[in-house]
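Each chain is listed here by its residues.
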Amino acid sequence: MRRVVVTGLGALSPCGLNLSANWTSMVEGRSGIGPITRFDASGWPVRIAGEVKGFDPEQAVGKKEARRMDRFCQLAIAAADEAVTHAGLDVNQLDPERLGVYVGTGVGGIEEIFAGHADFVAQGWRGLSPFFIPKALTNLAAGHIAMRHNAQGPSLCVSTACASGNHSLGEAWRTIRQGDADVILAGGAEAAITPTAFAGFMVMKALSKFNDDPVRASRPFDADRDGFVMGEGAAVLVLEALEHAQARGATIYGEILGYGLTNDAHHLTAPAPGGRGAAGCMRMALRSAGLGPADVDYINAHGTSTPQNDSTETTAIRVVFGDHADSLMVSSTKAVTGHLLGAAGGIEAVATVLALHHGVVPPTATWETRDAECDLDYVPKTAREVPIRRAISNSFGFGGTNASVVFGRFES
């Protein structure tokens, strides 16, 4: 089996429009969460979100193409373009059938679905755009990226709710590892801050109501957490077979060592008691990496800031890592980005790889008050400069789906 390395990264989130801005905000604990501007939420119980501000789709993809795609596709393309540039990848020098795209999303083109339905109600079938279906489909982010970069190899859209980004990375790792591609652009994208989608999460009572203090509203593992903050964005990583990366002299930022995926088989939205599914997922990821619990230094947690998720993930970590759990650093960058749903795994993989590469663990920036059920080292408030060799990025989603990816600092 071939080794798979990370040679490029691209990211857009509420914390910034590029990789550098996102990493700086994560390390410095600068939140991108604020009042909603994408629609009028005045009078709603929840009025805050993590929006990608200042994004110009026409600049990112061109005026004509921007009209043909939903916002989640626009964000995905911008992230993929940055990742390709960051990797120094000349796609014209690659075998197009060995270049793939695996970009997942939780809900896909929900903005277009919302707008198209309104047009249909107002004008009937004649009111619909011929791009309604192509803009709504979940696999079109991967499709647009493939066309843009002539990627004729394996292409996949994984849609597993909030685990979509991590599953995309893991499946891309498997594909390269077994020799079916040399390079895959992998990650996730989401743009679901629309009235219907937002209201759907709100009526589930899943969202934080800290409207008067938005920058501290996402409080992973904190005793005062009351729900997640909905975010949007995209992140794409260039995954590459080691020998391919070395042959072209690429900079290597990290390596994927293992991957696990399980299902709680318990409830539509609530995690299984005792973190059964999450624990099994992390165990599988460690087995596939050939590692033991003591080999891991850091976990970039799913850490959504919901009461059940955070306590259950903590329990699962203790189950898997035993006494070593007290030596682990665990942090949630959702404290500053909010929860990017299907893009969460992508943006958090970027954070994990850069933590390994730079030897800096981003903090859980908003953590203040200890919860008796959340008793790990959450790297509170301040980033920690410490060399780490191996890390896990967790993502868990509705329907009980779980994904854990093991990353390592590259060692030749």
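These numbers were taken from a predicted model, which means no experiment stands behind them.

### Here's the deal with the overall build of the protein chain
Then comes step 1: Secondary structure assignment for the protein chain yields 14 helices and 14 strands.
Then comes step 2: Taking 2.2 N^0.38 as the reference for a compact globule, 412 residues should give roughly 22 Å; the C-alpha atoms of the protein chain span a radius of gyration of 20 Å, in line with that estimate.
Then comes step 3: Buried positions account for 59% of the 412 residues belonging to the protein chain.
Then comes step 4: The long-range share in the protein chain, meaning contacts at least 24 apart out of those at least 6 apart in sequence, stands at 79%.
Then comes step 5: In the form shown here, the protein chain has an accessible surface area of approximately 15200 Å², with 51% of it arising from carbon and sulfur atoms.

### Overview of unusual backbone geometry
Then comes step 1: Phi is positive for K205, which is not a glycine, with a value near 65°.
Then comes step 2: Position of K205 among the secondary structure elements: in the loop between α9 (195–203) and β7 (233–241).
Then comes step 3: One non-glycine residue, A265, lies in the positive phi region at around 50°.
Then comes step 4: Within the secondary structure layout, A265 lies in the loop between β8 (254–263) and α11 (276–289).
Then comes step 5: Accessibility expressed as a relative area gives 69% for A265, which makes it exposed.

### Comments concerning the packing of aromatic side chains
Then comes step 1: On inspection of all chains with the given rule, the structure shows seven aromatic pairs.
Then comes step 2: Relative to Y259, the ring of W173 lies with its centre 6.5 Å away and its plane at 80°, an arrangement referred to as edge-to-face. Here W173, found in helix α8 (residues 164–177), pairs with Y259, found in strand β8; they are 86 residues apart in sequence, far enough to count as distant. Each member of the pair, W173 as well as Y259, carries the same accessibility label: buried.
Then comes step 3: On the numbers, 4.2 Å between centres and 10° between planes, the contact of F221 with Y378 is stacked. Taken together, the residues F221 in the loop between α9 and β7 and Y378 in the loop between β11 (360–361) and β12 (384–385) connect sequence positions 157 residues apart. Assigned by exposure class, F221 and Y378 land together as buried.
Then comes step 4: One aromatic cluster is present, formed by F39, W44 and F198 through successive ring pairs.
Then comes step 5: The cationic tip of R219 hangs over the ring face of F210; the distance from NZ or CZ to the ring centre is 3.7 Å.

### Some words on the side chain of K135
Then comes step 1: As for its position among the elements, K135 is in helix α6 (residues 132–136).
Then comes step 2: Taking relative accessible area as the criterion, K135 reaches 14% and is therefore assigned buried.
Then comes step 3: With near-sequence residues (within four places) excluded, K135 lies in contact with R67, R68, M69, D70, F72, G109 and E112.

### Considering the sheet that holds β8
Then comes step 1: Within the open sheet, the 10 strands sit side by side as β5-β4-β6-β7-β1-β8-β14-β13-β9-β10. Their pairing is mixed. Both edges of this open sheet fall to β5 (155–156) and β10 (329–331), since each of them pairs with a single strand only.
Then comes step 2: Of the strand pairs in this sheet, strand β9 (residues 298–300) and β10 are connected by three bridges, and their pairing is parallel. The partner of N300 across the bridge, within β10, is S331.
Then comes step 3: Its contacts with the sheet put α8 on β1 (4–12), β4 (99–104), β5, β6 (183–190), β7, β8, β13 (390–397) and β14 (401–408), and the angle it makes with β8 is roughly 120°.

### Some points on helix α5 (residues 110–123)
An α-helix turns once per 3.6 residues; consequently, residues spaced three or four apart project the same way.
Then comes step 1: With 14 residues, α5 ought to run about 20 Å at 1.5 Å a step, and its terminal C-alpha atoms sit 20 Å apart, in line with that.
Then comes step 2: Turning to α5, the residues buried within the fold contact α6 and α9.
Then comes step 3: Count one or two residues on from α5 and you reach G124, which has phi positive near 75°.

### Overview of the packing of helix α1 (residues 19–28) against helix α14 (residues 344–358)
Then comes step 1: Here α1 crosses α14 at 75°, and the two axes come no closer than 11 Å. Here α1 is positioned roughly perpendicular relative to α14, judged by the angle of their axes. On α14, the residues touching L19, N22, W23 and M26 of α1 are I347, V350, A351, L354, A355 and H358.
Then comes step 2: Taken together, the residues that form the contact of α1 with α14 break down as eight nonpolar, two polar and no charged.

### What about the environment of M329?
Then comes step 1: Positionally, M329 belongs in strand β10.
Then comes step 2: Expressed as a C-alpha distance, the spacing of M329 and A76, which sit 253 residues apart in the sequence, is 30 Å.
Then comes step 3: Other than its neighbours up to four places away in sequence, M329 contacts D297, Y298, I299, V361, D377, V379, R384, V386 and I388.

### Here we look at α9
Then comes step 1: Restricting attention to buried positions, one finds in α9 the residues A197, F198, F201 and M202. Buried residues along α9 cover an arc of 140° about the axis, so they all sit on one side.
Then comes step 2: Packing partners of the buried residues in α9 comprise β3 (48–49) and α5.
Then comes step 3: Among the residues trailing α9, K205 stands out with phi positive, at a value near 65°.

### Overview of the nonpolar core
As a rule of thumb, soluble globular proteins bury nonpolar side chains together.
Then comes step 1: By size, the foremost hydrophobic cluster in this structure holds 45 residues, and its most contacted members are L9, L237 and L239.
Then comes step 2: Setting aside its immediate chain neighbours within four residues, L237 contacts V6, G8, L9, L169, I184, L185, A186, G346, A349, V350 and V353.
Then comes step 3: F55, A66, A79 and V103 belong to the second largest nonpolar core, which has 35 residues in total.

How each quantity is defined
Residues numbered from 1 in each chain as written. Predicted model: local features only at pLDDT ≥ 70, side-chain atom pairs only at ≥ 80, totals over all residues. Heavy atoms only, no water. Helix = DSSP H or I, 4+ residues; strand = E, 2+ residues; numbered from the N terminus. Rg over C-alpha atoms; globule rule 2.2 N^0.38 Å. Buried < 20%, exposed > 50% of the residue type's maximum accessible area, 1.4 Å probe, protein only. Contact = heavy atoms within 4.5 Å. Areas by Shrake-Rupley, 256 points an atom, 1.4 Å probe, with all protein chains shown as cover. Phe/Tyr/Trp six-rings, centres within 6.5 Å; stacked < 30°, edge-to-face > 60°. Lys NZ or Arg CZ within 6 Å of the ring centre and 35° of its normal. Pairing = 2+ DSSP bridges. Axes fitted to C-alpha atoms, helices over the stretch in contact; angles between N-to-C directions. Expected span 1.5 Å × (residues − 1). Parallel < 35°, antiparallel > 145°, perpendicular 65-115°, else oblique. Nonpolar A, V, L, I, M, F, W, Y, C, P; charged D, E, K, R; others polar. Arc of directions from axis to C-beta. Core = buried A, V, L, I, M, F, W, Y, C linked by side-chain atoms within 4.5 Å.

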